[in-house]
Amino acid sequence: MMAPELSARRELLTRLLDTYERSAMYRRAPPWPRQVRLRLDPGAFPEAFAPEGRERLAELRAAAEHLERERAIGVVRSKGGLYESPEPKEVRLGPEHLARAYALASAFGYTPLELSLKALSEHAAASSARTVLPWVQSFLATVSLELARGEGGPLVASRERLKQDWRDWRDALTAVVALAGGARGWERVVSERLFTDSKRLASIRGQVAGLLSRVDPRFADAAPEDPQEILEAYGVHRRPSLLRCAGCAEMRVGGRLYRLEDFSPSAHLPEAWAEAWVAGVAEARVDIITTVENEYPFLAYIEEAGGPCALGERRELVVYTGGFPTPTLSAALAQVASRRPELRFRHWGDADAGGLRIWWHLRCTLAHELELFRTTPEWLAQQQERAQRLTAAERSDLERVRQVLHRAADASSRDVLEAVRLLDTLLALGIKLEQERY
């Protein structure tokens, strides 16, 4: 256990240096407009000013005196009374103290922010040499430059987070380069190959997904909200990817014939069957494909229709997207749209920014008009009493989606105009509504 006087010195140095590293004074050439300050008062050290805190207060004051003699800090003292000596009431850190303060703090195990930033900057620069993708190279070059300047830049992280979690950010950059370069497979397998730790990728999933959603051009207009959905878009799976659908179609797999209508209430097909599914759907008596965002509405809709055979009789196929569709499902739907351009496609999703992003992602993937089904401005107005209020962030999110749609090449298409009308209704009413409320 550290002696009380050493503990007090460590605390003063740590708090001053932490404040400095978060402040506008960090890396600023002298003179500074103001020094970093820490008052020795009840607000900063409540335990030292408690009835039982006399010893702790004495230790802090003694530590301040010692560090001042070591030229590691400056001390401001009280005036003192007639029979009292001035006591330290505030400690300050200026540019003239930095070198000595860091040297003394390092003896207590303090790690300067500079070391974390340097390690991350060098890693970003080295990682750029392992990719040929221009957008990844540009991103890493910017990251390296901003870190060298002492800022988080495109990492969108505070200095405090960069210092505390620099190893997470380092591994997140490694994963971004690998996934952008084509790493695919089960999450734990990919993780083991990248980090020799099968659980590492899962622990930094949010950071990896956040970086990819901000810098990958494919997500410029719409990105999934769920980090796992973003990794799924890169072919990194936590669980087997399935094609879930209901209707009537025949598929030939391994010399055998399978019928979708034999699966009740819906078919759960392995993604390896995607090619056979595309061929079967393209040849089937299907006039309309309805994609559904969430599981309960998907199953309820099948039941409401009377099951797979009833859907087949009305020449409809229902497909569950599970939020943002996986790359396999997206590619399969796009192939069906290419083979059967006369097909109608419609999408039933949530009346919120996420639901509209999924609709837009599907529409761009299909390169085909995608009608809004059930989630209409009229339905929204009728059900507004059951809706949730929009937060400021959700409102901003909807505004961004609307800007994307206004800039779209086919902004005058009937389905895009309907989506804009839905957006305007959401913003005007200040609400959002899940498709389950239908």
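Residues numbered from 1 in each chain as written. Predicted model: local features only at pLDDT ≥ 70, side-chain atom pairs only at ≥ 80, totals over all residues. Heavy atoms only, no water.

Draft legend 1. Layout of the sheet that holds strand S1 (residues 36-39). Here we have 3 strands laid out as an open sheet, ordered S1-S3-S2, and antiparallel in their pairing. The open sheet is flanked by S1 and strand S2 (74-77), the only strands paired with a single partner. Recorded for the sheet is a direction-independent mean angle of 25 degrees between the axes of neighbouring strands. Here S1 runs beside strand S3 (residues 88-93); their pairing, made up of 4 bridges, is antiparallel. The residue bridging Val 36 from the neighbouring strand is Leu 93, located in S3. (Pairing = 2+ DSSP bridges. Helix = DSSP H or I, 4+ residues; strand = E, 2+ residues; numbered from the N terminus. Axes fitted to C-alpha atoms, helices over the stretch in contact; angles between N-to-C directions.)

Draft legend 2. Summary view of the sheet that holds strand S9 (residues 267-270). Spatial strand order, S9-S6-S11-S10-S12-S13: 6 strands in an open sheet with mixed pairing. Strand pairing shows two members of the sheet lacking a second neighbour, S9 and strand S13 (371-372), which therefore form its edges. Bridge analysis of strand S10 (residues 288-292) against strand S11 (residues 316-320) gives 5 bridges, and the strand direction is parallel. Bridge pairing links Thr 291 to Val 319 in S11. The strands touched by helix H13 (residues 295-305) are strand S6 (242-246), S10, S11 and strand S12 (344-348); relative to S11, the strand with the most contacts, the crossing angle is about 160 degrees. (Contact = heavy atoms within 4.5 Å.)

Draft legend 3. How the structure looks around the side chain of Ser 116. Counting through the fold element by element, Ser 116 comes out in helix H4 (residues 113-128). Setting aside anything within four residues of it in sequence, one finds Ser 116 in contact with Leu 162, Lys 163 and Trp 166.

Draft legend 4. Region of interest: the pairing of S3. Looking at chain direction, S2 and S3 are connected through 4 bridges and run antiparallel. By the bridge assignment, Gly 74 is partnered in S3 with Arg 92.

Draft legend 5. Just the environment of Lys 432, in detail. Position of Lys 432 relative to the elements: it lies in strand S15 (residues 431-432). Remark: the alpha-carbon pair of Lys 432 and Arg 389, spanning 43 residues in sequence, is separated by 6.4 Å. Each residue touching Lys 432, except ones within four places of it in the same chain, is listed here: Ala 351, Asp 352, Ala 387, Gln 388, Leu 390, Glu 394 and Leu 426. A polar side-chain atom of Lys 432 sits 2.5 Å from a polar atom in the side chain of Glu 394. (Polar contact = N/O pair within 3.5 Å; in protein donor to acceptor, adjacent residues only side chain to side chain.)

Draft legend 6. Seen up close, unusual backbone geometry. Note that the residue after Pro 30, namely Pro 31, is joined by a cis bond; omega there is 0 degrees. Its location among the elements puts Pro 31 in the loop between helix H1 (4-22) and S1. In the segment running from Ser 264 into Pro 265, the intervening peptide bond is cis, with an omega of 0 degrees. Structurally, the position occupied by Pro 265 is in the loop between strand S8 (256-259) and S9. Backbone geometry at Val 156 places phi at a positive 50 degrees, although glycine is not the residue there. With respect to the helices, strands and loops of the structure, Val 156 is situated in the loop between helix H5 (134-148) and helix H6 (159-164). Note on Val 156: relative accessible area 54%, which makes it exposed. The phi angle at Arg 315 is positive, at roughly 60 degrees, despite the residue not being glycine. Within the fold, Arg 315 resides in the loop between helix H14 (308-313) and S11. (Buried < 20%, exposed > 50% of the residue type's maximum accessible area, 1.4 Å probe, protein only.)

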